[in-house]
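Fold and contact review
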Amino acid sequence: MCGIIGYVGAQDAVPIIVDGLKKLEYRGYDSAGIAVYANDGFSVAKQEGRLNALETRLEEQPLFGHLGIGHTRWATHGEPSDVNSHPHIGSQNKIAIVHNGIIENYKQLKEYLERRGVSFASQTDSEVIAQLAEYYHRGNILDTVIKVTGRLEGSFALGIMCLDEPETLIAVKKDNPLIVGVSEHGNFIASDVPAILKHTNKVYYLNDKEITILRKDGVRFFDFDKEELQKTPETITWSFDSAEKGGYPHFMLKEIMEQPKIMRDTINNTSASVREAMNELDITQFNKIVITACGSAYNAGFVAKYVFERLCRFPVEVELASEFRYKDPIVDERTLVILVSQSGETADTIAAMREAKARGAHTLSIVNVVGSAIAKESDICFYTAAGPEIAVATTKAFSAQLVVLYILAIEFALRLGKLTADDSDKLTAEIALLPDKVETLLSQVDTIQKYAASCVGYKSIFFIGRNIDYAIAMEGSLKLKEISYIHSEAYAGGELKHGTISLIEEETLVVAIANCERLYPKIISNVEQVISRGAKVLLLSNFENAEQNDHQSHILLPPTVDLFSPSLSVIVLQLFSYYVAANKGADIDKPRNLAKSVTVE
Ligand code: G6P
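Quantities reported herein were computed from a predicted structural model and do not represent experimental measurements.

On to the overall build of the chain. Tallying secondary structure elements over the chain gives 17 helices and 25 strands in all. Here the C-alpha radius of gyration of the chain, 25 Å, is about what a compact globule of 601 residues would show, namely 25 Å. Its C-alpha atoms give the chain principal-axis dimensions of about 75 × 55 × 45 Å. Relative to its 601 residues, the chain shows a buried fraction of 63%. Sequence-distant contacts in the chain: of pairs separated by 6 or more residues, those separated by 24 or more amount to 72%. Counting every atom, the chain has about 22,700 Å² of accessible surface; 47% of that belongs to carbon and sulfur. If you average the places of the 60 positive and of the 79 negative side-chain charges in the chain, the two averages end up 2 Å apart.

This part is about the sheet that holds strand E23 (residues 508-514). A sheet is described by the order of its strands in space; here five strands give the open sequence E22-E21-E23-E24-E25, paired in parallel fashion. With partners counted over all chains shown, the strands left at the sheet margins are strand E22 (487-492) and strand E25 (552-556), one partner each. Pairs of neighbouring strands in the sheet enclose a mean axial angle of 20°, with direction left out of account. The pairing of strand E24 (residues 536-541) with E25 spans five bridges and is classified as parallel. In the sheet register, Leu-538 faces E25, and the bridge partner there is Ser-553. Each of strand E21 (460-465), E23, E24 and E25 is contacted by helix H16 (residues 520-531), which is oriented at about 165° to E24, the strand it contacts most.

Here we take up the site of the ligand. Ser-296, Ser-341, Gln-342, Ser-343 and Thr-346 are the nearest of the 13 residues found near the ligand. Within the side chain of Thr-346, one N or O atom sits 2.5 Å away from an oxygen atom of the ligand. Here the ligand loses 91% of its free accessible area of 390 Å² to cover by the protein chains. If one sorts the elements of the shell around the ligand by residue count, helix H8 (residues 295-312) sits on top with three residues. Its residues assigned to classes, the shell around the ligand shows five nonpolar, seven polar and one charged.

Topologically, Leu-336 is positioned in strand E18 (residues 335-341). A relative accessible area of 0% places Leu-336 in the buried class. Taking C-alpha positions, Leu-336 is 8.2 Å from Asn-287, a pair spaced 49 residues apart along the chain. Those residues in contact with Leu-336 that sit more than four places away from it in its chain are Phe-286, Lys-288, Ile-289, Val-290, His-362, Leu-364 and Phe-412.

Here the focus is the nonpolar core. Ranked by size, the top nonpolar core spans 133 residues in total, and within it Ile-34, Phe-308, Leu-311, Ile-338 and Phe-576 carry the most contacts. Once you skip the residues sitting within four places of it in the chain, Phe-576 turns out to touch Ile-448, Tyr-451, Ala-452, Cys-455, Ile-461, Phe-463, Leu-480, Leu-509, Val-511 and Leu-538. Membership of the second largest hydrophobic core comes to 31 residues, among which are Ile-103, Ile-141, Leu-152 and Leu-158.

Let us look at the pattern of salt bridges. If charged atoms from side chains of opposite charge come close, those side chains can pair. Applying the stated criterion across every chain, the model contains 34 salt bridges. Between Lys-590 and Glu-25 there is a salt bridge; the shortest N-O distance is 3.2 Å. Of this pair, Lys-590 sits in the segment after helix H17 (566-583) while Glu-25 sits in the loop between helix H1 (13-24) and strand E2 (31-38), and the two are 565 residues apart along the sequence. The buried category is assigned to Glu-25, whose relative accessible area is 7%. Glu-210 is the partner of Lys-231 in a salt bridge, and the nearest nitrogen-oxygen pair spans 2.6 Å.

A few words on the pairing of strand E4 (residues 67-73). When you tally the buried positions in E4, you get seven out of seven residues, the bulk of the element. Side chains of E4 alternate between two faces, with Leu-67, Ile-69, His-71 and Arg-73 and Gly-68, Gly-70 and Thr-72 buried alike. Judged from the six bridges that link them, strand E1 (residues 3-9) and E4 form a sheet pairing that is antiparallel. Note that in E4 the partner of Val-8 across the bridge is Leu-67.

This part takes up the packing of aromatic side chains. For the coordinates displayed, the defined rule picks out twelve aromatic pairs. With a centroid separation of 5.5 Å and 85° between ring planes, the pair formed by Phe-302 and Tyr-470 is classed as edge-to-face. Within this pair, whereas Phe-302 is found in helix H8, its partner Tyr-470 is found in helix H15 (residues 468-484), the two being separated by 168 residues in sequence. Here the two residues Phe-302 and Tyr-470 agree in accessibility, since each one is buried. Aromatic rings pair up to connect Tyr-298, Phe-302, Tyr-306 and Tyr-470 into one cluster. We note Arg-151 situated over the ring of Tyr-112; from NZ or CZ to the ring centre the distance is 4.4 Å. Arg-592 extends its terminal NZ or CZ atom over the ring of Tyr-485, reaching a point 3.8 Å from the ring centre.

Right, let's talk about the environment of Leu-556 for a bit. Counting through the fold element by element, Leu-556 comes out in strand E25. Ignoring anything within four residues of it in the chain, the contact list for Leu-556 reads Leu-441, Gln-444, Ser-541, Asn-542, Phe-543 and Glu-544.

Conventions and cut-offs
Residues numbered from 1 in each chain as written. Predicted model: local features only at pLDDT ≥ 70, side-chain atom pairs only at ≥ 80, totals over all residues. Heavy atoms only, no water. Helix = DSSP H or I, 4+ residues; strand = E, 2+ residues; numbered from the N terminus. Rg over C-alpha atoms; globule rule 2.2 N^0.38 Å. Buried < 20%, exposed > 50% of the residue type's maximum accessible area, 1.4 Å probe, protein only. Contact = heavy atoms within 4.5 Å. Areas by Shrake-Rupley, 256 points an atom, 1.4 Å probe, with all protein chains shown as cover. Lys, Arg positive; Asp, Glu negative; His and termini not counted. Charge placed at Lys NZ, Arg CZ, Asp CG, Glu CD. Pairing = 2+ DSSP bridges. Axes fitted to C-alpha atoms, helices over the stretch in contact; angles between N-to-C directions. Near = heavy atom within 4 Å. Polar contact = N/O pair within 3.5 Å; in protein donor to acceptor, adjacent residues only side chain to side chain. Nonpolar A, V, L, I, M, F, W, Y, C, P; charged D, E, K, R; others polar. Core = buried A, V, L, I, M, F, W, Y, C linked by side-chain atoms within 4.5 Å. Salt bridge = Lys/Arg side-chain N within 4 Å of Asp/Glu carboxyl O. Phe/Tyr/Trp six-rings, centres within 6.5 Å; stacked < 30°, edge-to-face > 60°. Lys NZ or Arg CZ within 6 Å of the ring centre and 35° of its normal.

Set out below in structure tokens:
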């Protein structure tokens, strides 16, 4: 969480930083701030609320400078307020910092400094970094940073300015993302590529425990032992447009609409790389697969469990990463642990990966953000080709994760001798058809929009399905609640009568997903049970003859094999959630209390 950006160069830092913060707002948006070096001191503007509150303040009281740092916050320690916003400056007004992460021993450090007469202005853990830096500073900022980082426990990506070196921006990374961008007019640090893509596509990815010193005309890198490092920049191939709304009212809608393309790209990129990687990996050495992830990525793993188990006849467990890391998991060198993550930076998923590795498991990741921690540390990484995803609620990255998981499952099944080459080819061909079918569904956007507009008044919306339809119902429910704030739960159709059915009444909508032919009559009985208790039903099904009446609406999905049907159901579920939220006037790209990249526990 939290987004940081910094600039040193020939141009005015303020508009560059504010524009960068707009691109980072998905990381947190309860307050924002900026500090620039000007007139022998720091000029600072910090403001609780969305970034536009800071912009208004900057219009009234403009700041100028060629060196600056900015921050958009997702509060962890201390409520969202002006004073708790970053940047934080030490009490001697000498060192300013922005921080993404958590300082776990901040209380001890704060007490240590308070005993020595330092007084603190905020309730944050981050302020301790600025105060400690001033306390240790003897004139050389690199030495100071090394000393400070040696005392910090926890995770941090930091942007730092020091009055003694007014042409220097210094940054550090440990367990939180940080990149360095270089351009002709100046150099940047940022939490993520979109923040600087307007200025440069030349990027250095920092590894953990690396420090960078940026000046107008150059960038240097050091480790925590002050050894200089040689690093090679990478060229980002995303276009600047991919991080812009492109005429859509929200990033979420734009990203939903991009899905046919990103699915095609992901299928094209992944098929060969999966085959290649599998040549190196003897999958018969494994006796179990554990998929672990958070949020929607967990739901993608839940879908994949059905696919892998059906095709491979191989036990697959799916675990929330936040549970897996602390449960003393039963994994060893005979376990393949699959990590699914859009950002590659989710703290719990990283910790789960490290726990799995420490126990000897082999790790395979499916990640969207190139160069992220999970991509780098896992034994094998497959990238989804979703491009930058900005809306907090994931859509296109989820769809890309699903196709990679399908492709992997087919390859595994083939190598385990559970699938003939012929059947594997048929399934692969079916995957290749999915993007066109998604396109067909997206062309029905008006019907879904109209239906969603009639659903704004529901207090509760339940999602039910059986087998793989249950797995995708979980994602439908999550999507709806995160952006529309309507209470929602997903249930396996057969479980309804064990509790949830008592909540069904007139003001309830049940979205039933029914693509498994074998189970169709069963889910239809569940539908009848809820209709007879007053619920309205939206049925998503590729079964053409499904009934439509006063109680039940039907959205027909294109046919495909049931194992891949989640890729089609989810499109309707995303559009449905989007339009319910849009009709409620919700802040769709930045839902309350959420952040896209959850880099804290
Ligand atoms: C947040 C996002 C979700 C995402 C989850 C996991 O909660 O809002 O959309 O699914 O984090 O993130 P990851 O980057 O690991 O996929």
